[in-house]
Amino acid sequence: MKIGRNDPCPCGSGKKYKKCCAAKDAAARSAELAAEAAARASSAATEEPPEEAGGPKPPPASSSGIAGGPRRKGPPPKPAPRRRRAI
């Protein structure tokens, strides 16, 4: 049976589950999911991808600005001030 957020905590503290152990359980579940994802990624990396038709792949685009022009350095520009309506 699933524990509801507003049910009493099963640890016996007398608090609601959401105020007591919900965060710990969520963190443990996230760690389990991350471990599963890492295991899947490592097993997928060991498999060789199938050869694609069409010849060799082109080199990846560099960040030197070839595709989109030079990159700006420094802080982003400030937005234009908002105009207020006269009453």
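Here, the structure is the one placed above.
Residues numbered from 1 in each chain as written. Predicted model: local features only at pLDDT ≥ 70, side-chain atom pairs only at ≥ 80, totals over all residues. Heavy atoms only, no water.

1. Some points on the state of the cysteines
Stage number 1. Evaluated as defined, the whole model comprises 0 disulfides.
Stage number 2. Residue cysteine 21 stays outside any disulfide, its sulfur separated by 3.5 Å from that of cysteine 9, the closest cysteine. (Disulfide = S-S within 2.5 Å.)

2. Considering the pattern of salt bridges
Stage number 1. The tally for this structure, following the rule as stated, stands at 1 salt bridge.
Stage number 2. One salt bridge connects arginine 29 with glutamate 32, and the closest N-O pair in it is separated by 3.3 Å. Linking arginine 29 with glutamate 32, this pair stays in helix H1 (residues 22–46), spanning 3 residues, or about one helical turn.
Stage number 3. Take arginine 29: its relative accessible area is 44%, and that puts it in the partly exposed class.
Stage number 4. Taking relative accessible area as the criterion, glutamate 32 reaches 43% and is therefore assigned partly exposed. (Salt bridge = Lys/Arg side-chain N within 4 Å of Asp/Glu carboxyl O. Helix = DSSP H or I, 4+ residues; strand = E, 2+ residues; numbered from the N terminus. Buried < 20%, exposed > 50% of the residue type's maximum accessible area, 1.4 Å probe, protein only.)

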